[in-house]
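Topology and contacts: notes
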Amino acid sequence: MAKAPVLTPQADDFPRWYQDLIAKAELAENGPVRGTMVIRPYGYGLWERTQREMDDRIKAAGAQNAYFPLLIPQSYLAREAEHVEGFAPELAVVTHGGGKELEEPVVVRPTSETIVNDYFAKWVQSYRDLPLLINQWANVVRWELRPRVFLRTTEFLWQEGHTAHATYEEARDYAARIQREVYADFMVNVLAIDVLPGRKTAAERFAGALNTLTLEAMMRDGKALQMGTSHELGQNFAKAFGTQYLAADGTREHVWQTSWGSTTRMVGGVIMVHGDDDGLRVPPRLAAVQAVVLAVKGDEAVLAKVREAGDRLAAAGVRVRVDDRVDVPFGRRAVDWELKGVPVRIEIGPRDLAAGTATLVRRVPGTKEPVALDALLDERAGMLPKILEEDQERLLAESRRMREERTTDVRTVAEAAEAAVAGGWARIPWADLGPAGEARLAEQAVSVRCLIGPDGSVPGADDEPGTLAVVARAY
């Protein structure tokens, strides 16, 4: 009788495979309130690496970190009508505190444009105070009707950037810079996901924005996942909150603004782009644990060599974990690390030690081979760093190939819907689709993920002629 697989095969039931992997790789669990999640240490390690890499890029773009309150007076949201209308169905409202009914209800932040602008209006006095570039790492709450761990949760972790500029052009260029230099650079070069940059249609824009830039990724089931967005807010919030500056010529002007955000959804994207039927495959640059050194048996000489190997790899800059839990069967430990997707396993047993070798298991290509311990641990040889970089590039190439092979050029709404329902993406000239066609697609749970230029560039806010609509089913 064949042994049952550890995970539900992707081809049988992709959503079940996703849930199985999250549970068995010990990434997260459902929280006690519907739509919330508990992120376990291994899963949180992926988020910590994400924060570190993203934070470096955000600061390189000139933004500084700050923090704004979780609770926002409900009246703040009402001051920007389109914004509150867009978020109204998702709001969590607090009406009582300290055993008493509050004089004014407060909203648990769904995003912070309103409260940030209340303070920007105090901080910005003249053109010398601009640009004002702020980012915060925080949690937000949006009441989710169809929750799924990491992808759509009532509470999630994110970063949200908010900026104020003297001119429309400066704000527009900064929003594009964030999309390009922060989000796309991180997603491509660290997450190894070949995201597609574009801009949203008017129907899909962020509530209250003039333009929304997005990065879309294809999952292994052919659906799209929005990985991050950067918004040109124009002067809507500035006018609602009186955020003005004294220009060099003595006139008072409203600032031009941007906001931009990415979330723990990116962890879900990594799972669904790179995971296979054996578990997760973590891109080496993202991995909190790039290599694990396993003792096959509890031989003292083996344990000593395993610990020595861990120390030497750590000294060489590899993020390494030593697994010397010999009271747990070796096979179980190997499967656990396979599920967790650690890029490299180095297995050392008594026979390996006698031969001066170790068994090197590479999670991404799925290879397993004996290697000389001296070559593996020689800092000058650079064997392991080279392997990690090779596997990083392999994952990115797989992601790019998957999206290219499963994207079809079409000319009609029916063809676009057919391609999306079949598990792929479609490209169709926006002139052939338009808002009416977009609405027809929505009736079949298919959406326009973004608009791109014919050369793959990101079109401007009003640049419609010649643009292509990228159409897919989405998470």
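What comes next concerns the included structure.

Conventions we followed
Residues numbered from 1 in each chain as written. Predicted model: local features only at pLDDT ≥ 70, side-chain atom pairs only at ≥ 80, totals over all residues. Heavy atoms only, no water. Helix = DSSP H or I, 4+ residues; strand = E, 2+ residues; numbered from the N terminus. Rg over C-alpha atoms; globule rule 2.2 N^0.38 Å. Contact = heavy atoms within 4.5 Å. Core = buried A, V, L, I, M, F, W, Y, C linked by side-chain atoms within 4.5 Å. Buried < 20%, exposed > 50% of the residue type's maximum accessible area, 1.4 Å probe, protein only. Pairing = 2+ DSSP bridges. Axes fitted to C-alpha atoms, helices over the stretch in contact; angles between N-to-C directions. Polar contact = N/O pair within 3.5 Å; in protein donor to acceptor, adjacent residues only side chain to side chain. Salt bridge = Lys/Arg side-chain N within 4 Å of Asp/Glu carboxyl O. Expected span 1.5 Å × (residues − 1). Patch = residues over 30% accessible without salt bridge, like charges linked within 9 Å, V, L, I, M, F, W, Y side chains within 5 Å. Areas by Shrake-Rupley, 256 points an atom, 1.4 Å probe, with all protein chains shown as cover. Bend = angle between axes of the 7 residues up to and from the residue. Right-handed = clockwise from strand over helix to strand, strands pointing away. Phe/Tyr/Trp six-rings, centres within 6.5 Å; stacked < 30°, edge-to-face > 60°.

This part covers the overall build of the protein. Helices and strands together make up the secondary structure of the protein, namely 15 helices and 23 strands. The C-alpha radius of gyration computed for the protein amounts to 25 Å, which stays within 12% of the reference 23 Å derived for 475 residues, consistent with globular compactness. Its C-alpha atoms give the protein principal-axis dimensions of about 80 × 55 × 50 Å. Counting only contacts in the protein whose residues sit at least 6 apart along the sequence, the fraction spanning at least 24 positions is 68%.

Okay, the nonpolar core next. Formed by 72 residues in total, the largest nonpolar core has its most connected members in Leu27, Phe150, Met187, Leu191, Met227 and Ile271. A per-element tally of this core places helix H6 (residues 168-189) first, with 8 residues. In terms of nonpolar packing, the next biggest core, distinct from the first, is built from 25 residues, Tyr76, Leu77, Ala166 and Phe237 among them.

Right, let's talk about the sheet that holds strand E5 (residues 92-97) for a bit. Taken in spatial order, the 3 strands of this open sheet run E4-E6-E5, and their pairing is antiparallel. With partners counted over all chains shown, the strands left at the sheet margins are strand E4 (71-73) and E5, one partner each. Between one strand axis and the next, the sheet turns through 45° on average, direction left out of account.

Moving on to the environment of Thr407. Positionally, Thr407 belongs in strand E20 (residues 407-409). Residue class for Thr407 comes out buried when judged on its relative accessible area of 14%. Sequence separation of Thr407 and Val140 is 267 residues, and the distance between their C-alpha atoms is 34 Å. Contacts of Thr407, omitting those with residues within four sequence positions, involve Met218, Trp425 and Arg427. A distance of 2.6 Å separates the side chain of Thr407 from the backbone oxygen of Arg403, its partner in a polar contact.

To continue, consider the pattern of salt bridges. A full pass over the atoms with the stated rule returns 30 salt bridges. Here Arg49 makes a salt bridge to Glu53, at a shortest N to O gap of 3.1 Å. Of this pair, Arg49 and Glu53 both sit in helix H2 (residues 41-60), 4 residues apart, which is roughly one turn of the helix. Note that Arg57 is salt-bridged to Asp185, the shortest N-O span being 2.7 Å. With Arg57 in helix H2 and Asp185 in helix H6, this pair connects stretches of sequence that are 128 residues apart. Here the salt bridges do not stand alone but share partners, grouping Asp276, Glu338, Arg345, Glu347 and Arg363 into one network.

Our focus in this paragraph is the environment of Asp409. Following the sequence through the fold, Asp409 ends up in strand E20. Since its relative accessible area comes to 53%, Asp409 is described here as exposed. A polar atom in the side chain of Asp409 sits 2.8 Å from the side chain of Arg427.

This part covers helix H13 (residues 383-405). Here H13 is 23 residues long and its end C-alpha atoms lie 33 Å apart, about the 33 Å a rise of 1.5 Å per residue gives. Listing the buried residues of H13 in full gives Leu384, Ile387, Leu388, Asp391, Gln392, Leu395, Leu396, Ser399, Met402 and Arg403.

Once that is clear, we can look at unusual backbone geometry. In the segment running from Leu130 into Pro131, the intervening peptide bond is cis, with an omega of -5°. Even without a glycine there, the phi angle at Glu26 is positive, about 60°. Note on Glu26: relative accessible area 34%, which makes it partly exposed. A positive phi angle, near 60°, is found at Ala445, a position not held by glycine.

Let us now look at a nonpolar patch on the surface. Together, Val33, Trp143 and Leu145 give the surface a local cluster of nonpolar side chains, amounting to about 320 Å² of exposed area. Structurally, Leu145 is set in the loop between strand E7 (132-141) and strand E8 (155-165).

To continue, consider helix H15 (residues 430-442). When the terminal C-alpha atoms of H15 are compared, their 15 Å separation across 13 residues is substantially less than the 18 Å that a helix rising 1.5 Å per residue should span. Most pronounced at Ala436, the bend in H15 amounts to some 65°. Those residues of H15 lying buried are Trp430, Leu433, Gly434, Gly437, Glu438 and Leu441. Packing partners of the buried residues in H15 comprise helix H14 (413-421), strand E21 (425-429), strand E22 (447-452) and strand E23 (468-472).

Turning next to the pairing of strand E15 (residues 291-295). Within E15, 5 of the 5 residues are buried, which leaves it mostly tucked inside the rest of the structure. As paired strands, E15 and strand E16 (residues 320-323) are joined by 4 bridges and run parallel to one another. Within E16, the position partnered with Leu294 by the bridge is Asp323. Regarding the hand of the β-α-β motif, the stretch spanning E15, helix H9 (residues 300-315) and E16 is right-handed. Summarising the sheet, E15 and strand E17 (residues 344-348) pair through 5 bridges and their orientation is parallel. Considered in E17, the bridge of Val292 is made with Arg345.

Before going further, it helps to examine the packing of aromatic side chains. Scanning the entire structure with this criterion turns up 10 aromatic pairs. Geometrically, the ring pair formed by Phe120 and Trp123 is tilted, given 6.1 Å between the ring centres and 45° between the ring planes. Taken as a pair, Phe120 and Trp123 lie in helix H5 (residues 113-123) at a separation of 3 residues, close to a single helical turn. Note on Phe120: relative accessible area 0%, which makes it buried. Assessed through its relative accessible area of 41%, Trp123 is described here as partly exposed. Seen from their ring centres, Phe156 and Trp158 are 5.9 Å apart, and the 85° between their planes marks the pair as edge-to-face.

Purely spatial values, then, with no claim about function.
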